[in-house]
Amino acid sequence: MNEMYLKFPSLSENEVFARNAVAAFVLPLNPTLTELSDVKTAVSEAVTNAIVHGYGGAAEGWIELKCRTDGDLLEIEVADRGRGIEDVARALTPFFTTLPGEERSGMGFTIMQTFMSGFSVSSAPGEGTRVKMSKRFGELEANAG
Amino acid sequence: MNLQGSRRGDNLYIYLSGELDEHSVAKVRERADKLIDDNAGLSRAVFNLAGLRFMDSTGIGFLIGRYKRLKKYGMDMYLENPDAGADKVLSISGLYSLMPKI
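The shown structure was predicted, so the numbers you read here are calculated from the model rather than taken from an experiment. Numbering of residues starts from 1 in each chain and follows the order in which that chain's sequence is written. In the order they appear in the text, chains get letters beginning with A and ligands get numbers beginning with 1. Per-residue local features are limited, in this predicted model, to residues with pLDDT of at least 70; the limit for side-chain atom pairs, both in listing and counting, is 80 or more; totals at the level of whole chains, interfaces and linings are taken over all residues. Excluded from the side-chain calculation are hydrogens and water; included are all heavy atoms of the structure.

What should I look at first to understand the layout of surface pockets in this one?
The method is simple in principle: a probe with the dimensions of a water molecule rolls over the atoms, and the space it marks as empty is what remains. Reported here for the largest pocket is a volume of approximately 800 Å³. Taken together, 36 residues make up the lining of the largest pocket; nearest its centre are A:Asn49, A:His53, A:Thr97, A:Thr98 and A:Phe109. Runs of H or I in DSSP of at least four residues are treated as helices and runs of E of at least two as strands, each being numbered from the N terminus. Only α2 (33-54), β3 (73-80), α3 (88-91), α4 (108-115) and β5 (128-136) of chain A together with α1 (25-38) and α2 (57-72) of chain B provide two or more residues apiece to the lining of the largest pocket. A total of 8 residues in the lining of the largest pocket trace back to one element, the largest contributor, which is α2(A). Charged residues are taken to be Asp, Glu, Lys and Arg, nonpolar residues to be Ala, Val, Leu, Ile, Met, Phe, Trp, Tyr, Cys and Pro, and polar residues to be all remaining types, Gly included. Here the residues of the lining of the largest pocket are counted per class, giving 12 nonpolar, 13 polar and 11 charged. Points on a 1 Å grid over protein atoms alone make up a cavity when a 1.4 Å probe fits among them but cannot get out, and a pocket when they form an open set with protein on both sides within 12 Å along at least five of seven lines; lining residues each have an atom within 4 Å of a point. Grid points are joined across faces, edges and corners, and a volume is the space filled by probe spheres set on the points.

Below, the structure is given as structure tokens:
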């Protein structure tokens, strides 16, 4: 069992830092290249959401990233104390974005859900957003082929 | 994040390299658009992704943005050589139906 906790300001250069930090943290679990890429992409999506949507692109707040490994399971939590999401169900809809003019794809949550074994999000307006994800390494690809 | 272009025959080739995310995309967006504008009138643009070591959903937005610009000029768009990670992101978003992988 291992754990780590990072706290960093909502600066976009921390997107690459966060995903590579998690990648380095899980290396002892011997993830495949695909698993590692899945985790990095999901973390990048969650942290980008916190920066762009939670804090509106301004370096006005902190993002907390917690990771825990137990056996072949990785659990990740990404939390911000930003604006929060008004309608979570709608935010989870593929291609839905609140910022259509900025070339946002609206696929962030869909990617997190698809690439990870477990996913949940809790949020309330004005109270921030907390994304929890898990990945079990060595799992057969459910959608292989 | 880097972007280079070259023209061969009737094709504009755009080579992306590095890590494409929300932080790095601004750097290449303008340069891609300038290359497209400077080569309007060619029949197609091929985005070569071989040098991309990472791409998240920001890449989807970036590619759709360039697709729309190319469409205005009547140019088709194609993608080539995504790595497995980029391929997965592109596949689940259905992007290949707009810009086929060649």
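Structure shown, so let's carry the discussion forward.
Teacher, can you tell me more about the pairing of strand β4 (residues 118-124) of chain A here?
On a regular strand, each side chain points to the face opposite its neighbour's, so the side chains alternate between the two faces of the sheet. Residue and element names in this part refer to chain A. The pairing of β4 with β5 spans 7 bridges and is antiparallel. Pairing of alanine 124 across the sheet is with glycine 128, part of β5. Hairpin geometry of β4 and β5 is characterised by an intervening segment of 3 residues between the two adjacent antiparallel strands and by a positive phi of about 80° at glycine 126. Two strands qualify as a pair provided that DSSP identifies no fewer than 2 bridges between them.

What exactly am I supposed to notice about the packing of aromatic side chains here?
Residues and elements named next belong to chain B. Aromatic pairs are defined between Phe, Tyr and Trp rings, using the six-membered ring for Trp, whenever the two ring centres lie within 6.5 Å; interplanar angles under 30 degrees are classed as stacked, those over 60 as edge-to-face, and all others as tilted. On inspection of all chains with the given rule, the structure shows 4 aromatic pairs over all chains. Plain terms: the ring middles of tyrosine 13 and tyrosine 15 are 6.3 Å apart, the flat faces sit at 25° to each other, and that makes the pair stacked. Tyrosine 13 sits in the buried class, given a relative accessible area of 13%. Two conditions define a charge sitting above a ring: the NZ of Lys or the CZ of Arg must be within 6 Å of the ring centre, and it must be within 35 degrees of the ring normal. One residue, arginine 8, lies across the ring of tyrosine 13, its end atom 4.0 Å from the ring centre. The buried label applies to any residue whose accessible area, calculated with a 1.4 Å probe on protein chains only, is under 20% of its type's maximum; exposed applies above 50%, and partly exposed to all values in between.

Where do I start with the pattern of salt bridges in this structure?
Note that side chains of opposite charge can pair when their charged atoms are close. By definition, a salt bridge exists where a carboxyl oxygen of Asp or Glu is found within 4 Å of a side-chain nitrogen of Lys or Arg. In this structure the tally under the stated criterion is 19 salt bridges over all chains. The residue A:Arg19 makes a salt bridge to B:Glu19 at a minimum N-O spacing of 2.7 Å. You can see A:Arg19 sitting in helix α1 (residues 14-26) and its partner B:Glu19 sitting in strand β2 (residues 11-20), one on each of two chains. The same class applies to A:Arg19 and to B:Glu19, which are both buried. Salt bridges linked by common partners bring A:Glu103, B:Arg29, B:Asp33, B:Asp37, B:Arg66 and B:Arg69 together as one network.

Please clarify how the environment of A:Glu139 should be interpreted in this entry.
Residue and element names in this part refer to chain A. With respect to the helices, strands and loops of the structure, glutamate 139 is situated in the segment after β5. Each C-alpha atom, one on glutamate 139 and one on glutamate 35, is 9.4 Å from the other, the two residues being 104 residues apart in sequence. Apart from the residues lying within four places of it in its own chain, the contact partners of glutamate 139 are Glu35 and Ser117. In this analysis, two residues are considered to be in contact whenever any of their non-hydrogen atoms come within 4.5 Å of each other.

Before we go on, may I ask you to explain the side chain of A:Ser105 in this structure?
Tracing the sequence through the fold places A:Ser105 in the loop between α3 and α4. When its relative accessible area of 10% is taken as the criterion, A:Ser105 is described as buried. Identification of polar contacts relies on pairs of N or O atoms within 3.5 Å, with a donor-acceptor requirement for protein atoms, meaning one able to donate a hydrogen and the other able to accept it, and with residues adjacent in sequence counted only if both atoms are side-chain atoms. Looking at A:Ser105, its side chain comes within polar contact range of the main-chain nitrogen of A:Met107, at 3.2 Å. Engagement of the side chain of A:Ser105 in a polar contact is seen with the backbone oxygen of B:Ser57, the distance being 3.3 Å. Setting aside residues no more than four positions away along its own chain, A:Ser105 makes contact with A:Phe95, B:Ser57, B:Ile60 and B:Gly61.

What is the right way to look at the interface of chain A and chain B in this model?
Many authors give the size of an interface as the accessible area that is lost as the parts come together. Opposite the 27 residues of chain A that make contact, chain B presents 19 residues. Using a 1.4 Å probe, buried area is obtained as the accessible area two parts lose upon being combined, added over both of them. Both faces considered, chain A and chain B share a buried interface measuring about 1800 Å² in area, 52% of it formed by carbon and sulfur atoms. On inspection of chain A and its partner chain B, the count reaches 6 salt bridges. B:Glu22 is the salt-bridge partner of A:Arg104, the closest N and O atoms lying 3.9 Å from each other. For the interface between chain A and chain B, the tally reads 12 residue pairs in polar contact (both at pLDDT 80 or more). Counting residues per element, the ones that place at least two in the side of chain A that touches chain B are α1, α2 and α4 of chain A. Broken down by element, the side of chain A that touches chain B gets its largest block of residues, 10 residues, from α2(A). Looking at the side of chain A that touches chain B, its residues break down into 7 nonpolar, 10 polar and 10 charged.

Mind showing me how you'd approach the packing of α4(A) against helix α3 (residues 84-92) of chain B here?
In helix packing, the relevant descriptors are the interaxial angle and the interaxial distance, both defined with respect to the helix axes. Contact pair α4(A) / α3(B): the axes reach a minimum separation of 11 Å and the direction vectors enclose 120°. In terms of crossing hand, the pair formed by α4(A) and α3(B) is right-handed. Together, A:Ile111, A:Thr114 and A:Phe115 of α4(A) and B:Lys88, B:Val89 and B:Ile92 of α3(B) make up the contact between the two elements. Looking at the contact of α4(A) with α3(B) residue by residue, the classes come out as 4 nonpolar, 1 polar and 1 charged. Axes, fitted as lines to C-alpha atoms, cover a helix only where it is in contact. Angles between the N-to-C directions of the axes lie from 0 to 180 degrees. By convention, the crossing between two helices is left-handed when the near helix turns anticlockwise from the far helix through less than a right angle, and right-handed when the turn is clockwise.

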